[in-house]
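# Structure assessment
One-letter residues, chain by chain:
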Amino acid sequence: MTVRIMVVDDHPMWREGVARDLAEAGHVVVATSGEGRQALRVAAATRPDVVVLDLQLPDVSGVEVIRGLRAVLPDVRVLMLSASGEQQSVLDAVKAGATGYLVKSAAPAEFLEAVRRTAAGEPVFTPGLAGLVLGEYRRLAAVPPGAAPGADRDAPGAAPRLTERETEVLRLVAKGLSYKQIATRLGLSHRTVQNHVQNTLGKLQLHNRVELARYAIEQGLDD
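Residues numbered from 1 in each chain as written. Predicted model: local features only at pLDDT ≥ 70, side-chain atom pairs only at ≥ 80, totals over all residues. Heavy atoms only, no water.

What follows concerns the sheet that holds strand S5 (residues 100–103). Working definition: the strands of a sheet are paired by backbone hydrogen bonds and lie parallel or antiparallel to each other. Pairing in this open sheet of six strands is parallel, and the strands run S2-S1-S3-S4-S5-S6 from one edge to the other. With one partner strand each, in any of the chains shown, strand S2 (28–33) and strand S6 (124–125) form the two edges of the open sheet. Both strand S4 (residues 77–82) and S5 contribute to a ladder of four bridges, which runs parallel. By the bridge assignment, Ser-82 is partnered in S5 with Val-103. Contacting strand S1 (4–8), strand S3 (50–53), S4, S5 and S6, helix H5 (residues 108–119) crosses the sheet at an angle of about 155° to S4. (Pairing = 2+ DSSP bridges. Helix = DSSP H or I, 4+ residues; strand = E, 2+ residues; numbered from the N terminus. Contact = heavy atoms within 4.5 Å. Axes fitted to C-alpha atoms, helices over the stretch in contact; angles between N-to-C directions.)

This part is about the packing of helix H7 (residues 164–174) against helix H9 (residues 190–204). Taken N-terminus to C-terminus, the directions of H7 and H9 make an angle of 95°; their axes are 10 Å apart at the nearest point. Between H7 and H9, the angle falls in the class roughly perpendicular. In this structure, H7 contributes Arg-165, Glu-166, Val-169 and Val-173 to the contact, and H9 contributes Val-193, His-196, Val-197, Asn-199, Thr-200 and Lys-203. Tallied by class, the residues present in the contact of H7 with H9 amount to four nonpolar, three polar and three charged. (Parallel < 35°, antiparallel > 145°, perpendicular 65-115°, else oblique. Nonpolar A, V, L, I, M, F, W, Y, C, P; charged D, E, K, R; others polar.)

With that settled, the discussion passes to the confidence of the model for the chain. Summary statistics for the chain give a mean pLDDT of 80 and a share of 82% for residues scoring 70 or more. S1 holds the highest mean pLDDT among the elements of the chain, 97, whereas helix H6 (residues 129–139) holds the lowest, 54. (pLDDT = per-residue confidence, 0-100.)

The probe, sized like a water molecule, is rolled over the atoms to show the empty space still left. This structure, assessed with the given rule, holds one cavity of 30 Å³ or more. Roughly 30 Å³ of volume is contained in the largest cavity. Residue lining of the largest cavity: Val-7, Val-8, Asp-9, Trp-14, Val-18, Val-52, Leu-53, Asp-54, Leu-81 and Lys-104, and that is the complete set. Mapped by element, the contributors of at least two residues to the lining of the largest cavity are S1, helix H1 (12–24) and S3. (1 Å grid on protein atoms, 1.4 Å probe; cavity = no way out; pocket = protein on both sides within 12 Å on 5 of 7 lines; lining within 4 Å. Points joined across faces, edges and corners; volume = space filled by probe spheres on them.)

What follows concerns the environment of Val-78. Considering the arrangement of structural elements, one finds Val-78 in strand S4. Counting along the chain gives 41 residues from Val-78 to Ala-119, while the straight-line C-alpha distance between them is 8.7 Å. Contact partners of Val-78, with chain neighbours within four places excluded, come to Val-51, Leu-53, Ile-66, Leu-69, Ala-98, Thr-99, Gly-100 and Thr-118.

Listed as buried for helix H8 (residues 179–186) are Tyr-179, Ile-182, Ala-183 and Leu-186. Down the axis of H8, the buried side of the element spans an arc of 100°, and every buried residue falls inside it. In H8, the exposed positions that point more than 90 degrees away from the buried face belong to Lys-180, Thr-184 and Arg-185. Just downstream of H8 lies Gly-187, where phi reads positive at about 70°. (Buried < 20%, exposed > 50% of the residue type's maximum accessible area, 1.4 Å probe, protein only. Arc of directions from axis to C-beta.)

Under the defined criterion, the tally for this structure stands at six salt bridges. Note that Arg-116 is salt-bridged to Glu-113, the shortest N-O span being 2.7 Å. Highlighted residues: Arg-116 and Glu-113, both in helix H5, separated by three residues, approximately one helical turn. A salt bridge links Arg-117 to Glu-122, with the shortest nitrogen-to-oxygen separation between them at 3.2 Å. When salt bridges that share partners are traced, they join Asp-9, Asp-54 and Lys-104 into one network. (Salt bridge = Lys/Arg side-chain N within 4 Å of Asp/Glu carboxyl O.)

If you want it as structure tokens, here you go:
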């Protein structure tokens with residue numbers, strides 16, 4: 001799968017190296033930038049599918065860039081590629097709208113796989129960080145009845161109607177399984193799982209798998 005990618009990092013050698021690895025893997029690097037504000041302007045013009053973004057930039061923080069990207073390009077996927085693996089940095093990035101978070105010590109093959117999964121809308125985290133994010137969502141899951149996102153506007157408090165299969169897939173999303181793992185578990189094709197996830201996102205009025213996982217946890221589907 002060829003993905004249109006923008007790389008944002010203030011270290012020229014690192015930025016150019018990442019862009020080169022992506023191009024050699026068959027992706028299209030539509031732009032690179034070393035500053036957050038410039039990145040927002042360029043992203044609006046080039047409309048990448050995925051932005052590979054550093055957390056620490058010289059003018060604004062990576063978290064601010066995520067918020068700006070989501071405002072101008074609601075469907076863009078953001079993969080944080082940072083030297084910091086601190087818990088608060090990860091949580092701030094995910095809450096702002098990042099699809100995934102990878103530390104810079106990751107191997108090249110791991111990075112390229114993370115880009116592929118990010119483009120597909122799958123949450124991707126450096127090992128150990130996925131549990132942190134899910135744990136935080138569990139902590140925030142004390143939502144009053146009827147306050148869950150995506151509730152039917154014509155019937156306050158009513159849960160959206162999901163099919164049995166959609167609920168089954170949603171339960172596995174909440175457990176942190178990838179599309180491939182879900183497909184294997186349920187004996188379905190990868191594309192069928194993607195279709196179920198997209199249908200569920202539409203019904204719940206959510207934007208990505210991170211939000212979907214949070215919804216599932218709020219509904220107790222990760223037990």
